[in-house]
Amino acid sequence: MAETKLPPPAPPPAAPAAIRVRVLFFASLVDLIGERRRDLQLPAGATVADALRCLSAEVPGFASRAPHVSYALNEAFVSSDVAVSDGDELALIPPVSGG
Amino acid sequence: MAETKLPPPAPPPAAPAAIRVRVLFFASLVDLIGERRRDLQLPAGATVADALRCLSAEVPGFASRAPHVSYALNEAFVSSDVAVSDGDELALIPPVSGG
Amino acid sequence: MIVELTSDPIDVPRLIDHVNRPSNGGICTFLGVVRDNAEGRSVVKLGYEAYESMAVAQMREIVHEATERWGLDAVALSHRTGELQIGEASVAIAVGAPHRAEAFEACRYIIDTLKTRVPIWKKEFFQDGAVWVEPVSSQPSPR
Amino acid sequence: MIVELTSDPIDVPRLIDHVNRPSNGGICTFLGVVRDNAEGRSVVKLGYEAYESMAVAQMREIVHEATERWGLDAVALSHRTGELQIGEASVAIAVGAPHRAEAFEACRYIIDTLKTRVPIWKKEFFQDGAVWVEPVSSQPSPR
């Protein structure tokens, strides 16, 4: 005779795993922010744009600079809709003036 | 009574004054001609072209090279119809290959 | 290939020697040197800051693009960091090629491209202050 | 301005120093160096012969044309004479300018123009002989 098994209990809804992203600042952004790097805690699935919104909330004056900043994720230029992953290095690149 | 004067005797036709031109040779023309300079005696009023004709007569093999040679009179490039003067320095310039 | 960031003065003859190969007939070099003025103001000195690891990676990539496009085997690219006095070279490029057209074009490409996307920043020091130079026209975009 | 013919090796750093003025931000140099081959044949060495007085006069004229056209105050041009080994510089040009475009363009103009009308001739020495190089396309015409 077949036994009827109870389904296992559903897991509780997972709190989104937090990821840590290291943000690097250079040149005028160091002057603005007062430091060269900062670690951000972001929800899994966050994008570069989310990281920027987070910084805009934390750093007075950053929001107005953001449109003139480019982003490099692990040393490659990316657009702001790219997702970040735990351990990523996100560099904020003001307009460059080498040469 | 009016005297009829004889016209003065016409001067004998002047032998054209001879001019001396120093011709300079370079590179392959030195190999052809076997010397770096030669003085030419030319009639007054002679042109660069006359000097070249004179050289073509004197130097076997020069006539066929002449079309590829440029001319500098006293260190300035000239065309072959320019007149030469006594004491001029006429350089024959093969196609150049400096640089 | 030499591709480097350096806080020491750039040794230009070393770069030229590096690209002077027996098969090359022409070497074009470009030096960026510190001018004594900027937009009408007297410049006292300059400072260069780099995102070093990425700057070197971008410089390598640009050199690679040039060697591929012009078929070159000899390029040297050095960029200075730190504080520079008037007349010092901030960047030096040397390109050797069998013929001169390629040497000139590749050298020009490298400096033009470096200025658009290598993460290095210049600070101009005046008598009465200093500013980071950030031409909006040089804002890099993803490629 | 430095404009010279020399039978000694060209001192490239001296030319660069000469054009490194405080108002200049870019220096472009070009070196012609002796290649080990020409039209597929191995070259052992080169010899350069010049109509020296006129060559220097023409070089001065070309430098003058470039300084006028690009508004430059700093150009150096040196051409070697005599026997040269592989890798030695036969000609060196250094141009300093406030901005790089002028430096590149003037430097290119000077080498291109020099090759069309400065009375200097190159002899290529091979294992089994030697020839004067006389490209008919470089036959100067009166100006």
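Heads up: the structure comes first, above all this text.
Rules of the game
- Residue positions are given per chain, counting from 1 as you read along its sequence in written order.
- All chains are assigned letters beginning with A, and all ligands numbers beginning with 1, in the order in which they are written.
- pLDDT decides what is reported in this predicted model: residues at 70 or higher carry local features, side-chain atom pairs at 80 or more are listed and counted, and totals for whole chains, interfaces and linings draw on all residues regardless.
- Hydrogens and waters are ignored; side-chain quantities use all the structure's heavy atoms.
- Secondary structure elements are defined from DSSP: runs of H or I of at least 4 residues count as helices, runs of E of at least 2 residues count as strands, and each element is numbered from the N terminus.
- Only C-alpha atoms enter the radius of gyration, while the globule expectation follows 2.2 Å times N to the 0.38, with N the number of residues.
- For each residue, the accessible area found with a 1.4 Å probe, counting protein chains only, is set against the maximum for its type, and the residue is called buried under 20%, exposed over 50%, and partly exposed in between.
- Here the Shrake-Rupley method, with its probe set to 1.4 Å, supplies the accessible areas, and only the displayed protein chains count as covering residues.
- In this tally, Asp and Glu contribute negative charge and Lys and Arg positive charge; neither His nor the terminal groups of the chain are included.
- One atom stands in for each charge, and that atom is NZ of Lys, CZ of Arg, CG of Asp or CD of Glu.
- DSSP-based pairing: two strands are paired if at least 2 bridges between them are found.
- Under the pairing criterion, centres of Phe, Tyr and Trp rings, with the six-membered ring standing for Trp, must be within 6.5 Å; the plane angle then separates stacked pairs below 30 degrees from edge-to-face pairs above 60, leaving the rest tilted.
- Any pair of residues with heavy atoms lying within 4.5 Å of one another is described as a contacting pair.
- Throughout, buried area stands for the accessible area (probe radius 1.4 Å) lost by two parts on being put together, summed over both.
- Salt bridge, as used here: a side-chain nitrogen of Lys or Arg that lies within 4 Å of a carboxyl oxygen of Asp or Glu.
- An arc is given here, and it is the one of the directions from the helix axis to the C-beta atoms.
- Counted as a polar contact is a pair of N or O atoms within 3.5 Å, where, for protein atoms, one must be capable of donating a hydrogen and the other of accepting one, and residues adjacent in sequence contribute only when both atoms are in side chains.
- Lines are fitted to the C-alpha atoms to define the axes, a helix being fitted only along its stretch in contact, and any angle between axes, read from their N-to-C directions, falls within 0 to 180 degrees.

(A) Local environment of the overall build of chain C. Looking only at helices and strands, one finds three helices and 10 strands in chain C. Computed over C-alpha atoms, the radius of gyration of chain C comes to 16 Å, within 12% of the 15 Å expected from 2.2 N^0.38 for 143 residues, which places it in the range of a compact globule. Projected onto its principal axes, the C-alpha positions of chain C cover 50 × 35 × 25 Å. Evaluated residue by residue, chain C yields a buried proportion of 57% over its 143 residues. Carbon and sulfur atoms make up 46% of the accessible area of chain C, which amounts to about 5,700 Å² in all. Charge separation in chain C, taken as the distance between the mean sites of 15 positive and 20 negative side-chain charges, equals 2 Å.

(B) The pairing of strand β5 (residues 89-93) of chain B, seen in detail. Residue and element names in this part refer to chain B. Across the five residues that make up β5, a large majority, four, are buried. The pairing of strand β1 (residues 18-24) with β5 spans three bridges and is parallel. Bridge pairing in β5 links Val23 to Leu90. The sheet contact formed by strand β3 (residues 70-73) and β5 spans four bridges and is antiparallel. Residue pairing across strands places Tyr71 opposite Leu92, the latter belonging to β5.

(C) Representation of the packing of aromatic side chains. All chains considered together, the criterion is met by eight aromatic pairs over all chains. Between the aromatic rings of Phe26 of chain B and Tyr51 of chain D, the centroid separation amounts to 4.8 Å while the plane-to-plane angle is 35 degrees, which identifies the pairing as tilted. On the criterion of chain membership, the pair formed by Phe26 of chain B in the loop between β1 and α1 (28-33) and Tyr51 of chain D in the loop between β5 (45-50) and α2 (52-70) is interchain, its members lying in two chains. According to the relative accessible area criterion, Tyr51 of chain D is buried, its value standing at 4%. For the pair Phe26 of chain B and Trp121 of chain D, a centre-to-centre distance of 4.9 Å together with 15 degrees between the ring planes defines the contact as stacked. Residue Phe26 of chain B is found in the loop between β1 and α1, and its partner Trp121 of chain D is found in strand β9 (residues 120-126); the two belong to separate chains. The exposure classification of Phe26 of chain B matches that of Trp121 of chain D, with both residues buried. An aromatic cluster is defined as three or more aromatic residues linked by ring pairs; in this entry it consists of Phe26 of chain A together with Tyr51 and Trp121 of chain C.

(D) Examining the interface of chain D and chain C more closely. The partner chain C presents 32 residues to the 32 residues of chain D that form the contact. Between chain D and chain C, the buried area comes to about 2,600 Å², and carbon and sulfur atoms account for 58% of it. When the buried area of chain D at its contact with chain C is split by residue, Arg35, Arg100 and Phe104 of chain D rank highest and sum to 25% of it. Counting across the interface, chain D meets chain C through two salt bridges.

(E) Expanded view of helix α2 (residues 48-58) of chain A. All names here are of chain A. Those residues of α2 that fall on the buried side of the exposure criterion are Val48, Ala49, Ala51, Leu52 and Leu55. For α2, the buried positions fall inside an angular range of 155 degrees around the axis, keeping them on one side. Along α2, exposed side chains directed more than 90 degrees from the buried face belong to Arg53 and Ala57. Summarising the contacts, the buried residues of α2 are in contact with β1 (18-24), β2 (37-43), α3 (62-65), β3 (70-73), β4 (76-78) and β5 (89-93).

(F) Here's a closer look at the side chain of Arg117 of chain C. Tracing the backbone shows Arg117 of chain C in helix α3 (residues 100-117). Polar contacts involving the side chain of Arg117 of chain C include one to the side chain of Gln58 of chain C, which spans 2.8 Å. Other than its neighbours up to four places away in sequence, Arg117 of chain C contacts Phe77 and Val96 of chain A together with Gln58, Glu61, Ile62, Glu65, Pro140 and Arg143 of chain C.

(G) Here's a closer look at the arrangement of the chains. No interface is formed between chain A and chain B, the nearest pair of C-alpha atoms being 29 Å apart. Between chain A and chain D there is no contact; the minimum C-alpha to C-alpha separation amounts to 10 Å.

(H) Structural view of the sheet that holds β1 of chain B. All names here are of chain B. In space, the five strands of this open sheet follow the order β2-β1-β5-β3-β4, with mixed pairing throughout. At either end of the open sheet lies a strand with only one pairing partner, and these are β2 (37-43) and β4 (76-78). On average, each strand axis in the sheet is tilted by 35 degrees relative to the strand beside it, whichever way the strands run. Both β3 and β4 contribute to a ladder of three bridges, which runs antiparallel. Bridging from a neighbouring strand, Tyr71 pairs with Val78 of β4.

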